[in-house]
Structure formats: C-alpha cells, structure tokens
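Residue strings, one per chain:
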Amino acid sequence: MYVVINVSVILALMLATVFFNANKKSRIYLIGYLLLVGLLVTSMVENSNIRDFSNVFNYPLTIYLLGYSVLLFVISLTNIAIGSYLFIMIGVLLTVANGVKNVSTGLPIVWADFQNNLLKEVVWEMTIKPHFILVLVTVSVIVLCGWLYNKFWRYKQLSLELRVTGLCISVVVSASCLLYINHSTSYATQRTSENQNSGAVEYFIESMNPEIMPRPTDYSEIVMKDLVLKYNAKYPIEKIAVPVKKEKIIYILSESLIDPTKFPDTKWTEDPLPTIHKLQEKFGGSMYSPVFGGGTVNVEFSLLSGFDYNFLQKNSIAYNHILEKNDHNIGIPFFLKKQGYETKGVHSHLKKGYQRNEVYKKLGFDSFISRETMIAESKELPIYYDEGYISDMSFVDRILLEVNKNDKSTFINSVSMQNHYPYTEATKGKLKQDDNLLENYQDIVDGDQLALYARGVKKMDTTIDLLIQKLTELDQPTTVVFYGDHGPALNQSLYDNAFFKDDKQLQKYLTPYFVWNNKINGEQKPKIINPGFLGSLAFSEMSVAQAPFYQFEHDLMQKLPAYNIEKHHFFNTEGEKITLTAPLKESLHDYQLFQYDMFVGEGYSKELFSI
C-alpha cells in the first residue's frame, strides 16, 4: 500500500513538471530524477517494499511526508535540479552507510553514533574505513550523476511566489511530522522490534528522541505502594554481620564473545576456550543477550542496574537516559557503596565512549580507569596492544592492580576491547598458520575470518586462566562475574545456517557466562540467564545484606532465569522452554513495574532497593 502511495506522489510530481519546466527535452531527466527520489524515499522509509497498511497515520507514512517536505524545502531554497540532487546525495550516502553498518554489526546507524563521542570510532573506523572502496564508488557515482544532470538538464528558475509557498508548506509539514514522532507513544511502543523493517532515515529519526521505556498501563502511585507493602512483608531486610575479611567483586565484560566451536561443520585443532568451557560447565552456562553485533552499553546497563534492557525501546541507549536522569540512584554500585565498598570502573578504551566518564559518576562509581588513564600510567604498568586494541593481558593486569591496591571491600566493573569489530587482518594482524585453530577453514565460507576471530578469543581465554589463578591465591573472598556482551559482527555468511536461524535466532544471542568465587562453590547456576539477574546471583556468593528488591529478583531468577517476551522465549534453570504460569506472569510484570518506577517514573518503590 505504501508503494501505491509513493507512486501516486511521484506521478503528481511528474505532472508538476509541466509548470516547473518549460523545456520539453529536459523533462525526461526530471522524470528520471523524480523516479530516483521516489525509490530513495522508499528505501529510506522501509527495507521491505510492502508493509501491512494497518493504520493510515502510522510512522512510515509520517516519514514519507517528512521526506517529501524536506525535498520541497531544499528545492524551494535552490531549484529543482540542485535541490533534488542534494536530497538524493545525502539520502544515498545515509542509506549506503546504514546498509554497511547493518551488515557489519547487525545494527543500523542511530543518533547515538553521533551523540556519544563515537563519530570517528563508529562512523569512520568501524563503518567507512573497512568498506572504503564501496563508499568511494558510491560518492563518485553520485558526483558523476550530478555533473551529467547539471550539464544536460535545462531548467526554469522557480518564481518567488512558488519558493515562498514551498517553504511555508515544507516547514509546516516537517514540524507536524517531527512533533508527531516525538510525542506519539503508541506507535513507538508498537515499533520497538521493527528495526529490521525500518529504512535508514526512519530508524535514524526514531532513534533521536525515543521514549526510553513504555509506561505500563497500570503504573500509578497506589499500585507501586501496594507492591512495596507486599514485598517488604515477603522479603525482610537481611542483616549480615560485617565480614572479618573484606570482599572483592569483579564484573568482567568480554567484548563480542561467542563460542567459536558452536559454528556448524567446524573442525578444531584445539579448543579455543578451554578455561571458559571448564568454568561455564561448573559455575555458569549461557547468557541470553538482548542485543547482537553491538550495543555493549545496554548489556552493561542490565548488569549494573539489575534491570532488563528488553523492557526498553530497541533503538534507545540506556546510558543516555541515565545521564539525563538518575534521580533515584539506581544501580548496584550505589547499593554496594552503602555497605562500605569502593566502586571502580575499568575500560581499556575511550573514556568518553558512550559518555562513560559521566555516566559512571551518576551510577555511583568512585573512580574510572580508561584507556587514557592506562596510557598515562604506562610507565608504572606497561600496556600492550593486540588484535588492534589494548590487549586483554594488559586489561587483566590492570584489574589485578586495582584488586591488590588495598584490603577494602571493592567492586570493579571492567569492560574489555581486544576482540571488538572489525575482524579483518588490516585491524587484527595477519593470521599465521601457527595461530590458526580452525582446521577446515578453507571449506567454510569466510572460514578465514572465523579463524581470525578464534585466535583473539583464545588469547582472551589464556588471560582469564591467569586471572583466576591469581585470584585463587587471594585471602580475601572474591567473586568474578564473567560474561560476553553479545555475539560478534562476523560476516553474515557465517550465520547463514539453520543452527543460527532456528528458534528465532536464539543461538546468535547466547554468550558464555560464569559466576565464580575463590572460597565457595555457591548455589547451582542456571544453564541460561538474562544479564539483569547476574547481580543478584553474585550477591548469593557474598556477605552482603539483601535489599527486598534483590531478594525478589533472586527468587524470580530461580523460576525464570531467562526470557524474551517479544520472541515468546521463557526458560527454566535447566535451559528448558516453559510456559508462563499466572504467578510467574504476575512476578514478571511486577519486575517491569519496578524498573519503570525507578528508571523513568517517580521512584515510589525506592525503599525496596535500600537496607
């Protein structure tokens, strides 16, 4: 239906050429331009050409109107030739860049790429530079087309009256569309999972001002106060004596980690992840990541807040909202600080990436060690680069330095970078035969890239083995929460098989995790778990007081450790699919209400998060 609308608009514009252009021979060029504009608007609005036309006022139609009003605005300022040329050039560049990033990382270009101090890092280093030839060819073709049309297109200048009319119409329509997009909540809620169908411009515009989390229909002060009474009675605050030996808790986010041996039809000369596999089997399993190919900070958000990114809009960045508003001091760092813990962040990359240097302060961190800090202090603790970034060995060395600085109880949230995209020899270094663990890489499409990736995770595995050995020797009780944030953005051909496509691509979203303590074995760990539950699981290994919310969360985790409501995936601790019972549905909805209340709402349930 949208195609019909688009064709109708194009035909109307063609008829308008009778008035805008007196040269009959040049009309063919104008008609060609308008056809190209129409196709471009279609690609900007949607990846598929046909949609379910369920509501005439849905977002796609709004984006169509916005697109054509912008075109009218540019034409009114210049002329038909130059205006449409500029419109096409910008649109094609954005659409091609969006396609490149989507194929590379599984995510389209979003406003956060420009907003979070990552323009050079994401747009240039990870998107344009690895595909420089494609981008160069695209720009060259656009410039050539512009030169040809300018040479052969004889156009008539628009009158002042037409310019003023066009400007007025375009401003009114554009403003109306943007106001509708910014203030509409119902369609934002509907479209949380539609980035695979959205076009480049549509998804980009929606990402500029998303409603971070839809408001539950029953959210109110009365409902939340009733929940506070209910869970205060059910989960009294556990008072625990201050331990004689101070404790350490270390979160380790391993960048873009997936088990390479899961890829079908692969033969390995040795296990790339011997340490991780051993720890997974005994103390963990698989973490069900809410993202793939990118979105590290949103997984990190779940770990640090105890909340679930699945409840948020899919084109949102949780850290942006925290930076704007964290009135209720949500987060595990704040909770642990109240119990005497020092709280530290360690990230072996940019301090301003996703504004971590500011977000960490608002999450309750006392200090933040970034790549800039590591470089500045490299005389005291040398750093080394591997696989294109600061090595995981240098990363682990820094963690151990922070652990051993004093005997205080310490919480360290650490984020690695070594195995980040892009997976090319230009970035990672040449793959030598001695480093190749994939025996049959020549028999697999893009097997050389998988072998290159496996080399990086093998190095990571070695550093984790060293870390665990060092922490085993500590007198202080120490808990390690290790997890992969999401699967790597390898070439799509490696994921084009039934193993990764079946069951709504579940396997693409499973990453290794374990929760290990150097003094106790702790409780049995779920075989599959959502990232938001890892904090309450770690608390069970430690001598920390349990606030009512974390007790509630721990109980929910024992019954429903992993789920994705949108995909209708619900799992028990054995990794088996289950059907939600009425009590489980109620608990899951309460969990959602708590998150909205503390993350977006008025904080009526704040007392459940403190001791």
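Basis of the calculations
Residues numbered from 1 in each chain as written. Predicted model: local features only at pLDDT ≥ 70, side-chain atom pairs only at ≥ 80, totals over all residues. Heavy atoms only, no water. Axes fitted to C-alpha atoms, helices over the stretch in contact; angles between N-to-C directions. Helix = DSSP H or I, 4+ residues; strand = E, 2+ residues; numbered from the N terminus. Parallel < 35°, antiparallel > 145°, perpendicular 65-115°, else oblique. Left-handed = near helix turned anticlockwise from the far one by under 90°. Contact = heavy atoms within 4.5 Å. Nonpolar A, V, L, I, M, F, W, Y, C, P; charged D, E, K, R; others polar. Salt bridge = Lys/Arg side-chain N within 4 Å of Asp/Glu carboxyl O. Buried < 20%, exposed > 50% of the residue type's maximum accessible area, 1.4 Å probe, protein only. pLDDT = per-residue confidence, 0-100. Polar contact = N/O pair within 3.5 Å; in protein donor to acceptor, adjacent residues only side chain to side chain. Core = buried A, V, L, I, M, F, W, Y, C linked by side-chain atoms within 4.5 Å. Phe/Tyr/Trp six-rings, centres within 6.5 Å; stacked < 30°, edge-to-face > 60°. Lys NZ or Arg CZ within 6 Å of the ring centre and 35° of its normal.

A.B. asks: Quick question: what am I supposed to make of the packing of helix H23 (residues 548–559) against helix H24 (residues 582–599) here?
C.D. replies: If you want to describe how two helices pack, look at the angle between their axes and the distance between the axes. It is the contact of H23 with H24, at a shortest axis distance of 11 Å, that shows an interaxial angle of 140°. One element, H23, and the other, H24, form an angle in the oblique class. By crossing handedness, the relation of H23 to H24 is classed as left-handed. Between H23, through Phe549, Phe552, Glu553, Leu556 and Lys559, and H24, the contact on the second element is made entirely by Leu584, Ser587, Leu588, Asp590, Tyr591 and Phe594. A per-class count over the contact of H23 with H24 returns 7 nonpolar, 1 polar and 3 charged.

A.B. asks: Even after reading the chapter, I still don't get the pattern of salt bridges, so can you show me in this structure?
C.D. replies: Opposite charge on two side chains allows them to pair when their charged atoms are near. With the rule as written, the count across this model stands at 19 salt bridges. Two residues, Lys459 and Asp386, come together in a salt bridge whose shortest N-O distance is 3.0 Å. Of this pair, Lys459 sits in helix H20 (residues 447–472) while Asp386 sits in strand S5 (residues 385–386), and the two are 73 residues apart along the sequence. In this structure, the salt-bridge partner of Lys405 is Glu402, at a minimum N-O distance of 3.3 Å. What makes Glu402 buried here is its relative accessible area of 1%. Each of Lys344, Glu377, Arg398, Glu402 and Lys405 takes part in salt bridges that share partners, so that together they form one network.

A.B. asks: Would you explain the confidence of the model for the protein in this entry?
C.D. replies: Note that predicted coordinates carrying low pLDDT should not be read in detail. Summing up the model confidence of the protein, the mean pLDDT is 81 and the portion of residues at 70 or higher is 71%. Segment residues 1–8 is flagged for pLDDT under 50; beyond a separation of four residues in sequence, or across chains, it makes 17 contacts in the model. Segment residues 45–59: pLDDT under 50, and 51 contacts once partners within four positions in sequence are set aside and those in other chains are kept.

A.B. asks: Sorry if this is basic, but what is going on with the side chain of Asn530 here?
C.D. replies: Structurally, the position occupied by Asn530 is in the loop between strand S10 (528–529) and helix H22 (534–539). Using a relative accessible area of 2% as the deciding quantity, one classes Asn530 as buried. Only 3.1 Å separates the side chain of Asn530 from the backbone nitrogen of Tyr563, close enough to count as a polar contact. Contacts of Asn530, omitting those with residues within four sequence positions, involve Met287, Tyr288, Asp308, Asn310, Pro561, Ala562 and Tyr563.

A.B. asks: What's the story with the nonpolar core in this structure? I'm lost.
C.D. replies: As a rule of thumb, nonpolar side chains are buried together in soluble globular proteins. Residues Tyr319, Leu336, Leu534, Phe549, Tyr591, Phe594 and Phe599 are the most contacted members of the largest nonpolar core, which totals 72 residues. Top contributing element to this core by residue count: H24, with 8 residues. Other than its neighbours up to four places away in sequence, Phe549 contacts Gly306, Phe307, Tyr591, Phe594, Leu608 and Phe609. Membership of the second largest hydrophobic core comes to 56 residues, among which are Phe292, Ile369, Ile399 and Leu490.

A.B. asks: Would you take a moment to explain unusual backbone geometry for this structure?
C.D. replies: The phi torsion of most residues other than glycine is negative, and most of the peptide bonds are trans. The omega torsion across Tyr421 and Pro422 is 5°, close enough to zero to call that bond cis. The phi dihedral of Gln505 falls on the positive side, at around 60°, and the residue is not glycine. One can find Gln505 in helix H21 (residues 498–505). Here Gln505 falls in the partly exposed class, since its relative accessible area comes to 30%.

A.B. asks: Quick question: what am I supposed to make of the packing of aromatic side chains here?
C.D. replies: Aromatic rings considered in pairs are described by the distance between their centres and by the relative angle of their planes. Counted under the stated rule, the structure contains 36 aromatic pairs. Geometrically, the ring pair formed by Tyr360 and Phe368 is edge-to-face, given 4.8 Å between the ring centres and 65° between the ring planes. You'll find Tyr360 and Phe368 in the same group, each marked buried. A cation over a ring is seen here: Lys508 above Phe292, with NZ or CZ 4.2 Å from the ring centre. Cation over ring: Lys508 sits above Tyr495, and NZ or CZ is 5.3 Å from the ring centre.

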